[in-house]
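# Descriptive analysis of the structure
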Amino acid sequence: TVEAMSSSGECALIAYLTQEQARFYRLAYSYLNNREDALDAVQTAVCRALERQDSLRSAGAMRGWFYRILINVCMDILRERGRSVPLEQWEDPGAEDPLPPDGSLFERVRALPEAAGTVVRLRFYEELSLKEIAAVTGCSINTVKSRLYSGLRKLRIAMEGAEIE
C-alpha cells in the first residue's frame, strides 16, 4: 500500500539522518565556522527534510537531496549575518572542532568563491561524485568540473604562495 511505502521511506530517511549527523555537522561547520550556527543549520535542515520528504523521489537520491537542503540552509544563515563574522565570535579549534587542526588549507578553501568552494567541499570533504555534486548544486557536470578545476587551481596558487613566504 502507499501508506506502507511512505512509512518505510520515512524510516529510511530517519535512519540516514541519524547515521550521518556528524558528517552533516562537519559540512555545516565548513560553511559557517561557528559551532552553534552549524548545529542550528543541521537541525533546520533535518526539519525541512522531514517536512518535505514527499519530494524525495528515491532512496538513492537521499544523500544529494539532503545535502542540497543543508547547503541552502547554510547559505541562508550566511546571508542573514551578512557574511562577516566579528573576530570575537571566531572560535579556537578545540577537541570538538570537526575540521583538521592545520587550518591553512581549510581557510583557503573557505576563501574560494562560493560556487568553487561548494564543489571543492562536496568533492573532497564529503567525497561526493561529480554526478552527485551536479545534482546537489543543480548544475551540469561540465559546470561542476569547471568549478572544481578553477577552485583547485586557485588553491594550488595560494598554497604555493604560502610555501614561498
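Presented here is a report on the structure given in the accompanying data block. Since we're looking at a predicted model, the values are computed, not measured. (Residues numbered from 1 in each chain as written. Predicted model: local features only at pLDDT ≥ 70, side-chain atom pairs only at ≥ 80, totals over all residues. Heavy atoms only, no water.)

## Some details on the packing of helix α6 (residues 114-125) against helix α7 (residues 130-137)
- Two elements in contact, α6 and α7, have axes separated by 10 Å at closest approach and are oriented at 135 degrees. Classified by the angle between their axes, α6 and α7 sit oblique to one another. Taken as a pair, α6 and α7 cross one another with a handedness that is right-handed. Contacts from T118, V119, L122 and R123 of α6 reach α7 at L130, I133, V136 and T137.
- Of the residues assigned to the contact of α6 with α7, the class counts are five nonpolar, two polar and one charged. (Axes fitted to C-alpha atoms, helices over the stretch in contact; angles between N-to-C directions. Helix = DSSP H or I, 4+ residues; strand = E, 2+ residues; numbered from the N terminus. Parallel < 35°, antiparallel > 145°, perpendicular 65-115°, else oblique. Left-handed = near helix turned anticlockwise from the far one by under 90°. Contact = heavy atoms within 4.5 Å. Nonpolar A, V, L, I, M, F, W, Y, C, P; charged D, E, K, R; others polar.)

## Quick notes on the packing of aromatic side chains
- By the definition in use, this model includes four aromatic pairs.
- Aromatic side chains F24 and Y67 sit 6.0 Å apart centroid to centroid with 85 degrees between the ring planes, which places their arrangement in the edge-to-face category. Of this pair, F24 sits in helix α2 (residues 21-32) while Y67 sits in helix α4 (residues 62-80), and the two are 43 residues apart along the sequence.
- You can call Y67 buried: its relative accessible area is 0%.
- Here the aromatic cluster, defined as three or more aromatic residues joined through ring pairs, consists of Y16, F24, F66 and Y67.
- Its guanidinium or amino end placed over the ring of Y31, R121 lies 4.1 Å from that ring's centre, counting from NZ or CZ. (Phe/Tyr/Trp six-rings, centres within 6.5 Å; stacked < 30°, edge-to-face > 60°. Buried < 20%, exposed > 50% of the residue type's maximum accessible area, 1.4 Å probe, protein only. Lys NZ or Arg CZ within 6 Å of the ring centre and 35° of its normal.)

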